[in-house]
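The residues making up each chain are set out below.
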Amino acid sequence: MTGYPKQLVVGKKPNFLQGKRTTEVSRRNIRRQLDTGQVFNEVVVNYRANGEAYFCQIEIHPIHCENQKITYYLALEREIM
């Protein structure tokens, strides 16, 4: 979907896909929702490796360890038209 090779994206946060048309409102919504520890959805404008913008719906799931502390997030993304 993004056109980036695996070796350039492993270990990076997904916000590297954002750019000039990604709104500050959606960025703030994501940060605020991450703090809630709940599953949530957001639509953002992301950019492919070739610079092409696309709308992406993300669904983020917090992953908890045994003591219920959030240790990771799973982000499921799909392009929307």
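One can find the structure itself at the top, above this paragraph.
Read on for an overview of the structure. It should be emphasised that the depicted structure is a prediction, and the values quoted were computed from it without experimental measurement.

Take a nonpolar patch on the surface next. A cluster of nonpolar side chains, namely Ile-63, Tyr-72, Leu-74 and Leu-76, defines an oily patch on the protein surface of about 390 Å² accessible area. At 3 residues, strand S3 (residues 70–80) tops the list of elements feeding residues into the nonpolar patch. Tracing the backbone shows Ile-63 in strand S2 (residues 53–64).

Attention now moves to the side chain of Thr-2. Assignment of secondary structure puts Thr-2 in the segment before helix H1 (6–9). We classify Thr-2 as buried; its relative accessible area is 17%. Within the structure, Thr-2 has its side chain in polar contact with the backbone nitrogen of Tyr-4 (distance 3.2 Å). Excluding residues that lie within four positions of it along the chain, Thr-2 makes contacts with Leu-17, Arg-48, Ala-49 and Tyr-54.

A few words now on the pattern of salt bridges. Scanning the model with the defined rule gives 4 salt bridges in all. Here Glu-79 makes a salt bridge to Arg-48, at a shortest N to O gap of 2.8 Å. Of this pair, Glu-79 sits in strand S3 while Arg-48 sits in the loop between strand S1 (40–47) and S2, and the two are 31 residues apart along the sequence. Residues joined by salt bridges that share partners form a network here, namely Glu-24, Arg-27 and Arg-31.

Rules and cut-offs
Residues numbered from 1 in each chain as written. Predicted model: local features only at pLDDT ≥ 70, side-chain atom pairs only at ≥ 80, totals over all residues. Heavy atoms only, no water. Patch = residues over 30% accessible without salt bridge, like charges linked within 9 Å, V, L, I, M, F, W, Y side chains within 5 Å. Areas by Shrake-Rupley, 256 points an atom, 1.4 Å probe, with all protein chains shown as cover. Salt bridge = Lys/Arg side-chain N within 4 Å of Asp/Glu carboxyl O. Helix = DSSP H or I, 4+ residues; strand = E, 2+ residues; numbered from the N terminus. Buried < 20%, exposed > 50% of the residue type's maximum accessible area, 1.4 Å probe, protein only. Polar contact = N/O pair within 3.5 Å; in protein donor to acceptor, adjacent residues only side chain to side chain. Contact = heavy atoms within 4.5 Å.

So, to be careful, I would describe these as geometric facts and stop short of saying anything about function.
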